[in-house]
Amino acid sequence: MNSHLLFLVLGIIFLILLGISIYVILVFNKLKTYKNEVDRLWNLLRIKIENQFKYINSNFESIMLDNKEYLKEIIDKYMLLAYIEDIMTTYVELEKIIDNVEENPVKTNFLKENEEIDKLKVDYNNVLLKYNNTINIMTNKFIADAFKFKQGIYFISKK
């Protein structure tokens, strides 16, 4: 009789450990999937943003603006940035400057490309929301911390 009870207790402990292991694996896979998608979208955004800065820099002389020195400072600043949040903030500054430029082909092309960037920003923020929410679930916090998953930074808007 005692051996049946022992097997029952060991069986229950085994099932609990199995359930916890499956839960950890599922949460890890979900976090890894979201993290990979966030990274993929950020890389696309970073490349497009870099192209926008290069485009404005190469067409700098054709931009009619009262304060061109500030525009040049923003372009130069971008070339030194490494942190995601700084890149986002600097790009928003560039968007605001270009909004004040007189209509010309450079502004038109910039704004056209910026429409695609805006769509990527929305996609990025949507996936990042899912990723951050998954991390913030109480039971998932331990798993996220153990595997070094950190919350991401949302792409800010110029509005």
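Every chain's residues receive numbers from 1 upward, in the order its sequence appears when written. For this predicted model, a pLDDT threshold of at least 70 governs which residues receive local features, and a threshold of 80 or more governs which side-chain atom pairs are given and counted, while totals over whole chains, interfaces and linings are taken from all residues. Hydrogens and waters are ignored; side-chain quantities use all the structure's heavy atoms.

### Digging into the overall build of the chain
Of the regular secondary structure elements, the chain holds five helices and zero strands. The helix count covers DSSP runs of H or I at least four residues long, the strand count covers runs of E at least two residues long, and both are numbered beginning at the N terminus. In sequence order, the chain lays out its α and β elements as α-α-α-α-α. Computed over the C-alpha atoms, the radius of gyration of the chain is 24 Å, more than 25% above the 15 Å expected from 2.2 N^0.38 for a compact globule of 159 residues. With respect to the principal axes defined by its C-alpha atoms, the chain has extents near 90 × 25 × 25 Å. A simple rule labels every residue: compare its accessible area, found with a 1.4 Å probe on the protein chains alone, to the largest value its type can have, and call it buried under 20%, exposed over 50%, or partly exposed in between. Evaluated residue by residue, the chain yields a buried proportion of 31% over its 159 residues. Excluding contacts between residues fewer than 6 apart, the proportion of contacts in the chain whose partners are at least 24 apart in sequence is 69%. Total accessible area on the chain is roughly 10400 Å²; 62% of this is exposed by carbon and sulfur atoms. Counted as positive: Lys and Arg. Counted as negative: Asp and Glu, with His and the chain ends omitted from the count. For this purpose, a charge sits on NZ of Lys, CZ of Arg, CG of Asp or CD of Glu. Each charge sign in the chain was given a centre, from 21 positive and 21 negative side chains, and these centres are 9 Å apart. Restricting the calculation to C-alpha atoms gives the radius of gyration, and the globule rule supplies 2.2 Å times the number of residues raised to the power 0.38. For this analysis, residues touch if any pair of their heavy atoms sits within 4.5 Å. Each accessible area is a Shrake-Rupley result for a 1.4 Å probe, and residues are judged covered by the shown protein chains and nothing else.

### Considering helix 3 (residues 84-99)
Multiplying 1.5 Å by the helix residue count minus one yields the expected span of that helix. Its 16 residues give helix 3 an end-to-end C-alpha distance of 23 Å, which sits within 8% of 22 Å, the value for a rise of 1.5 Å per residue. Three or more residues of helix 3 are buried, namely Ile87, Met88, Thr90, Tyr91, Val92, Glu93, Leu94, Glu95, Ile97 and Ile98. Buried positions along helix 3 lie against helix 1 (2-58), helix 2 (68-80) and helix 4 (105-136).

### Points about the packing of helix 1 against helix 2
The convention used is that axes are lines fitted to C-alpha atoms, helices contributing only their stretch in contact, and that angles between N-to-C directions extend from 0 to 180 degrees. Across the interface, helix 1 lies against helix 2 with an axial gap of 10 Å and an inter-helix angle of 140°. Taken together, the axes of helix 1 and helix 2 lie oblique to each other. Like other packed secondary-structure pairs, helix 1 and helix 2 cross with a definite hand, here left-handed. Seen from helix 1, the contacting residues are Arg46, Ile49, Glu50, Phe53, Ile56 and Asn57; seen from helix 2, they are Leu71, Lys72, Ile74, Ile75, Tyr78 and Met79. Side-chain classes are defined by residue name, with Ala, Val, Leu, Ile, Met, Phe, Trp, Tyr, Cys and Pro counting as nonpolar, Asp, Glu, Lys and Arg as charged, and the others, Gly among them, as polar. For the contact of helix 1 with helix 2, the residue count by class is eight nonpolar, one polar and three charged. Reported orientations rely on four angle classes, namely roughly parallel under 35 degrees, roughly antiparallel over 145, roughly perpendicular from 65 to 115, and oblique for the rest. When the near helix sits turned anticlockwise from the far one by under a right angle, the crossing is termed left-handed; a clockwise turn instead gives a right-handed crossing.

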